[in-house]
Structures are given as C-alpha cells and as structure tokens.
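# Topology and contacts: notes
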Amino acid sequence: MIWTPADAKVDVSKEGWKSLLDSSVEKIAIANPEHAPYGRAAVAALQASASTNGSKHKLVYGENISQAAQFVQSGSAQAGIVAMSLAVSPAMRQWQKWDIPAEMHPTLEQGAIVLKDAKNKAAARAFLEFVKSASSRAILTKYGFAIPRQERVT
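Residues numbered from 1 in each chain as written. Predicted model: local features only at pLDDT ≥ 70, side-chain atom pairs only at ≥ 80, totals over all residues. Heavy atoms only, no water.

### Side note on the pattern of salt bridges
For the coordinates displayed, the defined rule picks out two salt bridges. Linking K14 and D11 is a salt bridge whose minimum nitrogen-to-oxygen distance equals 4.0 Å. Residue classification places K14 among the exposed positions, given a relative accessible area of 69%. Close ionic contact of E129 with K132 constitutes a salt bridge, the shortest N to O distance being 3.1 Å. (Salt bridge = Lys/Arg side-chain N within 4 Å of Asp/Glu carboxyl O. Buried < 20%, exposed > 50% of the residue type's maximum accessible area, 1.4 Å probe, protein only.)

Right under this line is the structure:
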C-alpha cells in the first residue's frame, strides 16, 4: 500500500503510482529489500509499474516495515510503501492510501509453528487454534491479511 500523510500535497488515493513522481515527494520509505519481505515486495511492485521508473533515487530504507512507516510518520519521508496492517491501524487510518494491486508483487506468506522444545506447548497450541478460528480470521482479514484456502500441517 502506498501511504502518505493526510495533508500531503499529492493525493495518492487518486494518483496511485504517479503520486510517487510528484515533486513534493522527495523520499519514499520502504523496508530494506536485502532482508525484509515487504521490502522485496515493494521493489517488485515498483518494477512492475511502468509509471515509477523515475522514483528509484527517492527510496530510503527502513530496517523493517515498521521503521519504514515511522519514516513517513515523522516526516522524514513524504510517502511509503507499507503493509496494509500498519496503514489501517487506528493511529494511521486517517492518512491517504492507495492499494497496490496484489498481482504486482509476490505473495507474502506468514507462518507459525510450535517448537518441540517450547516451554509451554499447551499455551502455544491454544494460541495457534485461536489464530485458525473464525473470529481471528475476521481480524486478520480486516488488517489486510489474506486467508489461505487450506492449511499446511507438517
């Protein structure tokens, strides 16, 4: 998701990718693609968009997706490519945003396991059962996480 402050000079909700080329956007924050999956997805999406070729020099890298969002929150960057879960959080939901089409970046898969040496396996298993519940799936969907069609159990 491209995310900008509510008072940004460019309207990302209308301009989409083109907003990143606006002269008012001097810095675009993304997670570091060297080690952050959201950073790799951001780079892939930028490469897939023909309209952002002139924006590469504007990129600034956070160590992770949260730090990239902090760069935008603090004003150090005028736009960011961030996770939807951050952009729709209560502190940030009033800001401008534009959804990057899912087909423009690789799928980001999340996973969870219970370690065989876990100190409290019962609590860990209970948490995983909660994550798989209907109420938890509704929460995950609300914050932009796609629910897989079937679970992998190993």
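### Quick notes on the pairing of strand 2 (residues 28-31)
The side-chain alternation of strand 2 yields two buried faces, one formed by I28 and I30 and the other by A29 and A31. Pairing of strand 2 with strand 3 (residues 59-62) involves four bridges; the strand directions are parallel. The partner of I30 across the bridge, within strand 3, is Y61. Following the backbone out of strand 2, through helix 2 (residues 37-48) and into the adjacent parallel strand 3, one traces a crossover that is right-handed. Direction of pairing for strand 2 relative to strand 4 (residues 79-81): parallel, over a ladder of two bridges. Within the sheet, the bridge partner assigned to I28 lies in strand 4 and is A79. (Helix = DSSP H or I, 4+ residues; strand = E, 2+ residues; numbered from the N terminus. Pairing = 2+ DSSP bridges. Right-handed = clockwise from strand over helix to strand, strands pointing away.)

### Focus on the environment of K119
Relative to the assigned elements, K119 resides in the loop between strand 5 (96-98) and helix 5 (121-131). Each C-alpha atom, one on K119 and one on E34, is 33 Å from the other, the two residues being 85 residues apart in sequence.

### Observations regarding the environment of P5
Here P5 lies in the loop between strand 1 (2-4) and helix 1 (12-15). Here the alpha-carbon distance between P5 and S85, two residues 80 residues apart in the chain, equals 16 Å. Those residues within four positions of P5 in sequence are excluded, and the remaining contacts are V72, Q78, W95 and Q96. (Contact = heavy atoms within 4.5 Å.)

Bear in mind that shape data such as this cannot, by itself, settle questions of function.
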